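Observations on the three-dimensional arrangement
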Amino acid sequence: LIAGALREFKYDFRSSDDLAGVDFSVPYFYGNESITEDLSAYSLATVEDSELFSPFVNCVVVVLMWALRNNLAEESYSFMPLSSIFGSDLSWALRDAVRYSGNYATIMKRNFPGYGQSTGEEVGGMRNFLNAGQPTMHAYPGLGGL
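Just so it is clear, the structure is predicted and the values come from calculations on it, not from any experiment.

**Side note on helix H1 (residues 53-69)**
The first and last C-alpha atoms of H1 sit 25 Å apart over 17 residues, in line with the 24 Å expected at 1.5 Å per residue. The complete set of buried residues in H1 reads Ser54, Val57, Val60, Val61, Val63, Leu64, Met65 and Ala67. Residues of H1 that are buried make contact with strand S2 (22-24), strand S4 (41-47), helix H2 (93-101) and helix H3 (104-111). Once H1 ends, the next one or two residues include Asn71, with phi positive near 55°.

**What about H3?**
The complete set of buried residues in H3 reads Tyr104, Ala105 and Met108. Looking down the long axis of H3, one finds its buried residues gathered within 90° of arc, a one-sided arrangement. Buried residues along H3 sit against strand S3 (29-30) and H1. Structurally, the start of H3 carries an N-cap: the backbone nitrogen of Ala105 is 3.1 Å from a side-chain oxygen of Asn103.

**Topic: the packing of H1 against H3**
For the pair H1 and H3, the least separation of the axes is 7 Å and the interaxial angle reads 105°. On the basis of their axis angle, the class for H1 and H3 is roughly perpendicular. From H1, Leu64, Met65 and Leu68 reach across to H3, where they touch Tyr104, Ala105 and Ile107. The residue makeup of the contact of H1 with H3, split by class, is 6 nonpolar, no polar and no charged.

**Considering the packing of H1 against H2**
Across the interface, H1 lies against H2 with an axial gap of 10 Å and an inter-helix angle of 55°. Considered as vectors, H1 and H2 are oriented oblique to each other. The chirality of how H1 crosses H2 is right-handed. Note on element contacts: H2 touches H1 through Ala93, Leu94, Ala97 and Val98, opposite Phe56, Cys59, Val60, Val63, Leu64 and Ala67.

**A closer look at the nonpolar core**
Within soluble globular proteins, side chains that are nonpolar generally end up buried alongside one another. By size, the foremost hydrophobic cluster in this structure holds 9 residues: Val60, Val63, Leu64, Ala67, Leu72, Met80, Leu94, Ala97 and Val98. Contributions of two or more residues to this core are made by H1 and H2. Per-element accounting of this core gives the leading share, 4 residues, to H1. Beyond its immediate stretch of four places on either side in the chain, Ala67 contacts Leu72, Val98 and Asn103. One finds Leu44, Val57, Met65 and Tyr104 within the second-largest nonpolar core, a separate group that totals 6 residues.

**Some details on the pattern of salt bridges**
Overall, the coordinates contain 1 salt bridge when judged by the stated rule. The salt bridge partner of Arg110 is Glu74, with a shortest N-O separation of 3.7 Å. Note that Arg110 is positioned in helix H3 and Glu74 in the loop between H1 and H2, a separation of 36 residues in sequence. The exposure class assigned to Glu74 is partly exposed, which follows from its relative accessible area of 27%.

**Side note on the side chain of Asn103**
Along the chain, Asn103 turns up in the loop between H2 and H3. Residue class for Asn103 comes out buried when judged on its relative accessible area of 7%. Within the structure, Asn103 has its side chain in polar contact with the backbone oxygen of Leu72 (distance 2.8 Å). Discounting chain neighbours no more than four positions away, the residues touching Asn103 are Leu64, Ala67, Leu68, Leu72 and Ala73.

Cut-offs and rules
Residues numbered from 1 in each chain as written. Predicted model: local features only at pLDDT ≥ 70, side-chain atom pairs only at ≥ 80, totals over all residues. Heavy atoms only, no water. Helix = DSSP H or I, 4+ residues; strand = E, 2+ residues; numbered from the N terminus. Expected span 1.5 Å × (residues − 1). Buried < 20%, exposed > 50% of the residue type's maximum accessible area, 1.4 Å probe, protein only. Contact = heavy atoms within 4.5 Å. Arc of directions from axis to C-beta. Polar contact = N/O pair within 3.5 Å; in protein donor to acceptor, adjacent residues only side chain to side chain. Axes fitted to C-alpha atoms, helices over the stretch in contact; angles between N-to-C directions. Parallel < 35°, antiparallel > 145°, perpendicular 65-115°, else oblique. Nonpolar A, V, L, I, M, F, W, Y, C, P; charged D, E, K, R; others polar. Left-handed = near helix turned anticlockwise from the far one by under 90°. Core = buried A, V, L, I, M, F, W, Y, C linked by side-chain atoms within 4.5 Å. Salt bridge = Lys/Arg side-chain N within 4 Å of Asp/Glu carboxyl O.

Everything listed here is a matter of geometry and, on its own, says nothing about what the molecule does.
Have a look at this one:
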């Protein structure tokens, strides 16, 4: 597992028999480039050959964002639904991710002290806030200039 992996198309393919490609989770952090530059999207990367671990890691990233949207954090983790998508013996795993780490905002505030201090219209233009009410469109990394 690699945290903070820059999600780029060139890393998504096996480059040799000795070096496997990677699977990327949903991006959890976007760079602050201008509109004319490629957008940096950071995610968790796992070895491409991991058929169960890669989807599990992706689910953890999505669940932490879902927990924020639904006002769940460490103290309210028990309201997180159990999910047996990875088998009944792991039905608690996504709930425990919220119990241990909190939600997306908790993790961002812990690692990026300036996160969450913006207010008003400035927040609406920032890429690393959850959008309320409508979808957010981002350019795909590697497609700048097309």
